[in-house]
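Here is how the chains run, residue by residue.
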Amino acid sequence: MFNDSLKQLANQLTAKKISSTELTTEFLQRIKQLNSEYNAFITINEDMSLAQARTADKMIAAGEAGPLTGIPIAQKDIFCARGWLTTCGSKMLANFVSPYDAGVIERFNQAGAVNIGKTNMDEFAMGSSNETSYFGPVKNPWDPAAVPGGSSGGAACAVAARLAPAATGTDTGGSIRQPAALCGISGIKPTYGLVSRYGMIAFASSLDQGGPMAKSAEDLALLLNVMTGFDARDSTSLQREAEDYSRDLQKPLSGLRIGLPKEYFAAGMSGDVASAVDNALNEYRKLGAQTVEISLPNAPLSIPVYYVLAPAEASSNLSRFDGVRYGYRAESYSDLADMYRKSRAQGFGPEVKRRILIGTYVLSHGYYDAYYIKAQKLRRLIAQDFTEAYKQCDIIMGPTTPTVAFNLGEKSGDPIQMYLSDIYTSAANLTGMPAMSIPIGFGDRNRPIGLHIIGNYFKEAQMLNVAHQYQLVTDWHNRSPV
């Protein structure tokens, strides 16, 4: 049961071989047994989860079930959920119970899915290792000495350790794809605007995007069918016709042109990652695809551009946490200004403070033109590189991360090295293009490796087809650490 796909679980529920209540109970028991080891979940609410499961059982009995009805889904603790503790991994919101549902949560509720719990994450999604969480670091289930990646590290760990069949994540610079790669699962960041950001606590509004994490591309397609759709409450939400993202899964890959950016295969990638990527590309050639070398000349600038723009937006978004209306408030203060200072100083962790300071600096008088405006211009050049590249290829591939998962504490004292973990992933956020990671093997110390697949705008169905065809002839996605 714990290793079954979403489709297999749905078939068992429809055939009444198991009820949603029984399935949810089994996963809750597994979380109780293993979460102390991995710290993947911040909040479990057994009563609320089982109430949803009983509702799902009634839907199934009435013949009103959809593909995800009755299936437990772990929700990243950045999505507001009515009646649930919603902390964003921060002391600032450690006691905040949301009075409403995020757009994504509403969609899962309407589909009859069960919220199995809220997963651990880097504080306010700021981090690449899940070590900045106020609730402690998450551990990689393949090796507890290693990080799971971030910021959606709890979600990736939960799926990899089979604590949940699937999970939601958010991706601002690689925070779905990087932990998916380091934990040996599949994850996709859709085109910017396809998934509602309503009720998703903001980090960098022009970069943040929600997406699913699961074992396989086939599972991701089923999850995307639920998660995507227009939401009038989100000003960046795109109004498009609904798609079936599983429609092209069985298409053959003959004639597919895979672009390999020379900038992604330069110095910096470890040998074990390079070898695994080469092996994966050879499998694609056997499936009928052809590879072509392309260039993304401005891609190396993605990290400096990202770390100007993302902190700038974060410094604005996080100004709402002032101790006045909700969230943490300092116990003692002399006046209103002192309350602001102490509440923010005590409520935010070091990484969040660092990014607020950077963002405030680049937006300040005298530096706005030199940094922020210049970064926006470079962002446009990066997007133009991709537009030109897609004239030569259909899809772009490369490594998701330059190395396998590093050890807990290994990079926490060096922010620059930590930031470089997203060197291959951040460009997709800057351009708004869809991108995903799938498992392709193991490297140093038997730690997982991911393949990064980047598609043109709204090409999620094609990307999922490309990933699914690879997963039909390999079994990396079925490997389990427990």
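Residues numbered from 1 in each chain as written. Predicted model: local features only at pLDDT ≥ 70, side-chain atom pairs only at ≥ 80, totals over all residues. Heavy atoms only, no water.

Draft legend 1. Representation of the packing of helix α9 (residues 302-317) against helix α11 (residues 350-362) within the structure. Here α9 crosses α11 at 100°, and the two axes come no closer than 7 Å. Considering their axes alone, α9 and α11 lie roughly perpendicular with respect to each other. Residue-level inspection shows Tyr307, Val308, Pro311, Ala312 and Ser315 of α9 in contact with α11, the latter providing Arg355, Ile356, Ile358, Gly359, Thr360 and Val362. Per-class residue counts for the contact of α9 with α11 are seven nonpolar, three polar and one charged. (Axes fitted to C-alpha atoms, helices over the stretch in contact; angles between N-to-C directions. Helix = DSSP H or I, 4+ residues; strand = E, 2+ residues; numbered from the N terminus. Parallel < 35°, antiparallel > 145°, perpendicular 65-115°, else oblique. Contact = heavy atoms within 4.5 Å. Nonpolar A, V, L, I, M, F, W, Y, C, P; charged D, E, K, R; others polar.)

Draft legend 2. Examining helix α8 (residues 271-286) more closely. Look at α8: 23 Å from first C-alpha to last across 16 residues, which is about the 22 Å you get at 1.5 Å a residue. All buried positions along α8 are accounted for by Val273, Ala276, Val277, Ala280, Leu281 and Tyr284. For α8, the angular spread of buried residues about the axis comes to 140°, placing them on one side. For α8, the exposed residues set more than 90 degrees away from the buried face come down to Gly271 and Lys286. Following α8 by one or two positions, Gly288 adopts a phi angle in the positive range, close to 105°. (Expected span 1.5 Å × (residues − 1). Buried < 20%, exposed > 50% of the residue type's maximum accessible area, 1.4 Å probe, protein only. Arc of directions from axis to C-beta.)

Draft legend 3. Structural detail: unusual backbone geometry. That bond from Gly150 to Ser151 is cis: its omega, 5°, falls within 30 degrees of zero. The residue Ser151 is located in the loop between β3 (114-119) and α5 (153-160) in this model. Of note in the backbone geometry, Arg162 takes a positive phi value of approximately 60° without being a glycine. Taking relative accessible area as the criterion, Arg162 reaches 3% and is therefore assigned buried. A positive phi angle, close to 60°, is found at Arg445, a residue other than glycine. Position of Arg445 among the secondary structure elements: in the loop between β10 (435-442) and β11 (448-454). Residue classification places Arg445 among the partly exposed residues on the basis of a relative accessible area of 45%.

Draft legend 4. A look at the packing of aromatic side chains. All chains considered together, the criterion is met by 18 aromatic pairs. On the numbers, 5.1 Å between centres and 85° between planes, the contact of Phe2 with Phe27 is edge-to-face. One end of the pair, Phe2, is in the segment before α1 (6-14); the other, Phe27, is in helix α2 (residues 20-38), and 25 residues separate them in sequence. Judged by relative accessible area, Phe2 falls into the partly exposed class, the value being 25%. (Phe/Tyr/Trp six-rings, centres within 6.5 Å; stacked < 30°, edge-to-face > 60°.)

Draft legend 5. Region of interest: α11. Taking 1.5 Å of rise per residue, 13 residues should cover 18 Å, and α11 covers 19 Å from first to last C-alpha, within 8% of that figure. Its buried side turned inward, α11 meets α9, α10 (336-347), α12 (368-389) and α13 (415-419).

Draft legend 6. The arrangement of the environment of Thr431 in detail. By secondary structure assignment, the location of Thr431 is in helix α14 (residues 426-431). For the pair Thr431 and Asn456, spaced 25 residues apart in the sequence, the C-alpha separation amounts to 10.0 Å. Once residues lying within four places of it in the same chain are set aside, the contact partners of Thr431 are Ile382, Ala383, Phe386 and Tyr457. At a separation of 3.3 Å, a polar atom in the side chain of Thr431 contacts the main-chain carbonyl oxygen of Ala428. In terms of polar contacts, Thr431 uses its side chain to reach the backbone amide nitrogen of Met433, at 3.3 Å. (Polar contact = N/O pair within 3.5 Å; in protein donor to acceptor, adjacent residues only side chain to side chain.)

Draft legend 7. Molecular detail of the pattern of salt bridges. Summed over the entire model, instances satisfying the criterion amount to 21 salt bridges. The partner of Lys7 in a salt bridge is Glu218, with the nearest N and O atoms 2.9 Å apart. Within this pair, whereas Lys7 is found in helix α1, its partner Glu218 is found in helix α7 (residues 217-227), the two being separated by 211 residues in sequence. Across the pair Glu243 and Arg240 runs a salt bridge whose closest N-O atoms are separated by 3.0 Å. Salt bridges here are not isolated pairs; linked through shared partners, they connect Arg240, Glu243, Arg247 and Asp248. (Salt bridge = Lys/Arg side-chain N within 4 Å of Asp/Glu carboxyl O.)

Draft legend 8. Region of interest: the environment of Ile73. Examined against the element boundaries, Ile73 turns out to sit in strand β2 (residues 72-76). For Ile73, a relative accessible area of 0% puts it in the buried group. Counting along the chain gives 180 residues from Ile73 to Leu253, while the straight-line C-alpha distance between them is 31 Å. Leave out the neighbours within four places in its chain, and Ile73 touches Phe108, Ala113, Val114, Asn115, Ile116, Gly117, Ala166, Ala167 and Leu223.

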